[in-house]
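What the coordinates show
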Amino acid sequence: MIGVRGGARKGWQEGHVIIAPDKFKGSLTAPQVAAHLAAGLRRVRPELPVLTVPVADGGDGTVDALVASGYSRLQTTVTGPVGNPVVASYAVRDETAVVELAEASGLRRLPGGPTPASALAATSAGTGELIRTAVQGGARRILLGLGGSACTDGGAGLLTALGARLLDAGGQPLPPGGAALARLETIDLSELIRVPVTIASDVDNPLLGPNGATQTYGPQKGAGAGELAELERGLARFAEVARRDLGVDLADRPGAGAAGGVGFGAMAFLGATMRPGVEIILEHVDFDALLSGARLVITGEGSLDEQTLHGKAPIGVARAAARAEVPVLAVSGRLLVARSMLRRFGFEDAFALTDIESDPEVCMSEAGRLLEELALRIAESEAIEPLTRNTL
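In short, a report on the structure. Everything numeric here is computed off the predicted structure, so don't read it as measured data.

Now for the overall build of the protein chain. If you tally the helices and strands in the protein chain, you get 16 helices and 13 strands. Against the globule reference of 21 Å for 392 residues, the protein chain gives a C-alpha radius of gyration of 22 Å, in line with a compact fold. Summarising its shape, the C-alpha atoms of the protein chain cover approximately 75 × 45 × 35 Å along the three principal directions. Per-residue burial for the protein chain yields a buried fraction of 57% across its 392 residues. Expressed as a percentage of contacts within the protein chain between residues at least 6 apart in sequence, the contacts between residues at least 24 apart total 71%.

Dropping the structure here:
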């Protein structure tokens with residue numbers, strides 16, 4: 001049962017419920033999840049003030065979350081991860097542009113899915129093209145969300161799209177992809193477009209080694225043992241030339257391995273700073289201000305598991321709510337950690353679609369309907385009753 005934290009807080013009973021979920025990957029975007037949960041609550045508690053605030057952690061869905069908070073969505077055609085044209089979105093408000101790598105260079109942009117060939121050749125060029133387009137449109141600051149990438153090119157494609165030249169020993173531009181970096185001889189930054197970049201990512205991997213970009217994330221991008229070795233050689237050469245010729249030595253910095261090494265390229269050559277993705281997103285949606293007077297927060301994502309506990313979006317939301325002494329519930333498609341563990345991270349309780357539907361395929365295909373039913377059960381349960389019985 002949820003109690004009111006912090007005593008009889010002034011205005012508590014007149015407060016609102018904030019619904020702040022991440023996406024349910026493969027089923028619903030974060031705005032869709034929030035809308036279904038709100039609809040379920042209102043079926044039982046029509047007078048309950050509900051505020052939907054979709055969130056993200058820098059990966060898939062970052063642009064969607066910020067568009068829902070008031071940013072404008074713009075679209076352009078860019079180079080996909082294997083040269084295929086893709087229509088990609090970015091978000092803009094004032095002079096800030098939000099670019100999500102997964103939109104242009106993500107695994108979901110691979111025609112036919114990942115293969116050994118695409119693992120070697122996939123490029124981040126489309127992400128650089130999005131940044132260039134945003135800058136040409138007047139953006140003076142870039143928020144770059146890293147996650148879900150198809151490439152392991154160290155950000156070489158992104159930099160090339162922004163005007164850098166990566167040349168082999170004969171002075172010829174390298175072809176796209178991480179494997180080609182093994183032939184890198186010269187990095188020419190004389191025409192590089194420079195703009196302040198903040199990276200939103202919860203990845204702390206270095207660029208190289210057993211915990212680096214290639215070994216950790218290469219297999220999910222289609223790389224087998226041979227491809228992994230080629231990609232590691234390419235990234236190592238990229239780091240070596242950057243250190244030798246430019247005095248840049250950031251391969252061991254936490255986050256350099258994010259998005260196939262795009263973290264390295266952005267920090268080393270654009271001077272980007274890296275922060276936990278959900279913290280940045282919560283700042284951009286002004287979440288702390290929205291918490292003022294709130295009575296309850298509902299957050300979650302498709303799978304609440306061990307990865308969630310390492311700083312994913314629901315944990316960031318829970319931490320922010322705890323600072324404001326607002327109780328938090330978690331919702332998910334499936335719950336793979338003990339509720340007792342979630343309580344250690346500030347959650348009062350957790351609810352999963354699998355609580356009401358045992359078939360995972362049905363949970364995926366009918367997530368919207370099931371979320372509304374789950375929200376209805378939450379609204380009728382003791383989880384929310386102590387906060388509403390005096391006002392509704």
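Before going further, it helps to examine the nonpolar core. Membership of the largest hydrophobic core comes to 55 residues, with the highest contact counts inside it found for Ile142, Ile187, Phe238, Phe264 and Phe269. The element best represented in this core is helix α9 (residues 258-270), accounting for nine residues. In this view, phenylalanine 238 contacts Asp153, Gly154, Ala156, Leu159, Leu166, Leu181, Leu184, Ile187, Phe264 and Phe269; residues no more than four positions away in its chain are not counted. Counting 37 residues, the second-largest nonpolar core is a separate cluster that includes Ala91, Val285, Leu304 and Val317.

Attention now moves to helix α10 (residues 277-284). In an α-helix there are 3.6 residues to a turn, and that puts residues three or four apart on one side. Taken together, the buried positions of α10 are occupied by Gly277, Val278, Ile280, Ile281 and Leu282. Packing partners of the buried residues in α10 comprise α2 (62-68), β6 (141-145), β9 (197-200), β10 (273-275), α11 (287-291) and α12 (313-323). Downstream of α10 by a residue or two, aspartate 286 has a phi angle that is positive, lying close to 60°.

Attention shifts here to unusual backbone geometry. Positive phi is not limited to glycine here, since aspartate 94 has a value of about 55°. Among the structural elements, aspartate 94 can be located in the loop between β4 (85-93) and β5 (96-100). When its relative accessible area of 71% is taken as the criterion, aspartate 94 is described as exposed. Positive phi is not limited to glycine here, since aspartate 286 has a value of about 60°. With respect to the helices and strands, the residue aspartate 286 is situated in the loop between α10 and α11. Classification of aspartate 286 by relative accessible area gives partly exposed; the value is 47%.

Time to look at the sheet that holds β9. Spatial ordering of the open sheet is given by β3-β4-β5-β6-β9-β10, a layout of six strands whose pairing is mixed. Strands at the two margins of the open sheet, each flanked by one partner only, are β3 (72-79) and β10. For this sheet, the mean angle separating the axes of adjacent strands, direction not counted, is 25°. Two strands pair when backbone bridges link them, and β3 and β4 are joined in this way by eight bridges, in the antiparallel orientation. Looking across to β4, one finds that valine 78 is bridged to valine 86. α9 rests against β6, β9 and β10 of the sheet, and its axis sits at about 155° to β9.

On to the packing of helix α8 (residues 225-246) against α9. Where α8 meets α9, the closest approach of the two axes is 12 Å, and the angle between their N-to-C directions is 5°. When the interaxial angle is binned, α8 and α9 end up roughly parallel. Residue-level inspection shows Leu235, Phe238, Ala239, Ala242 and Leu246 of α8 in contact with α9, the latter providing Gly260, Phe264 and Phe269. Its residues assigned to classes, the contact of α8 with α9 comprises seven nonpolar, one polar and no charged.

Below, the discussion takes up α8. Taking 1.5 Å of rise per residue, the 22 residues of α8 would be expected to cover 32 Å, and the 31 Å separating its terminal C-alpha atoms lies within 8% of that figure. Within α8, burial applies to Glu227, Leu228, Leu231, Glu232, Gly234, Leu235, Arg237, Phe238, Ala239, Val241 and Ala242. For α8, the secondary structure elements touched by its buried residues are α4 (116-121), α6 (156-161), β7 (165-167), β8 (186-188), α7 (213-217) and α9. Following α8 by one or two positions, glycine 247 has its phi on the positive side, about 70°.

Rules used in this analysis
- Residues numbered from 1 in each chain as written.
- Predicted model: local features only at pLDDT ≥ 70, side-chain atom pairs only at ≥ 80, totals over all residues.
- Heavy atoms only, no water.
- Helix = DSSP H or I, 4+ residues; strand = E, 2+ residues; numbered from the N terminus.
- Rg over C-alpha atoms; globule rule 2.2 N^0.38 Å.
- Buried < 20%, exposed > 50% of the residue type's maximum accessible area, 1.4 Å probe, protein only.
- Contact = heavy atoms within 4.5 Å.
- Core = buried A, V, L, I, M, F, W, Y, C linked by side-chain atoms within 4.5 Å.
- Pairing = 2+ DSSP bridges.
- Axes fitted to C-alpha atoms, helices over the stretch in contact; angles between N-to-C directions.
- Parallel < 35°, antiparallel > 145°, perpendicular 65-115°, else oblique.
- Nonpolar A, V, L, I, M, F, W, Y, C, P; charged D, E, K, R; others polar.
- Expected span 1.5 Å × (residues − 1).

In short, geometric facts, not functional conclusions.
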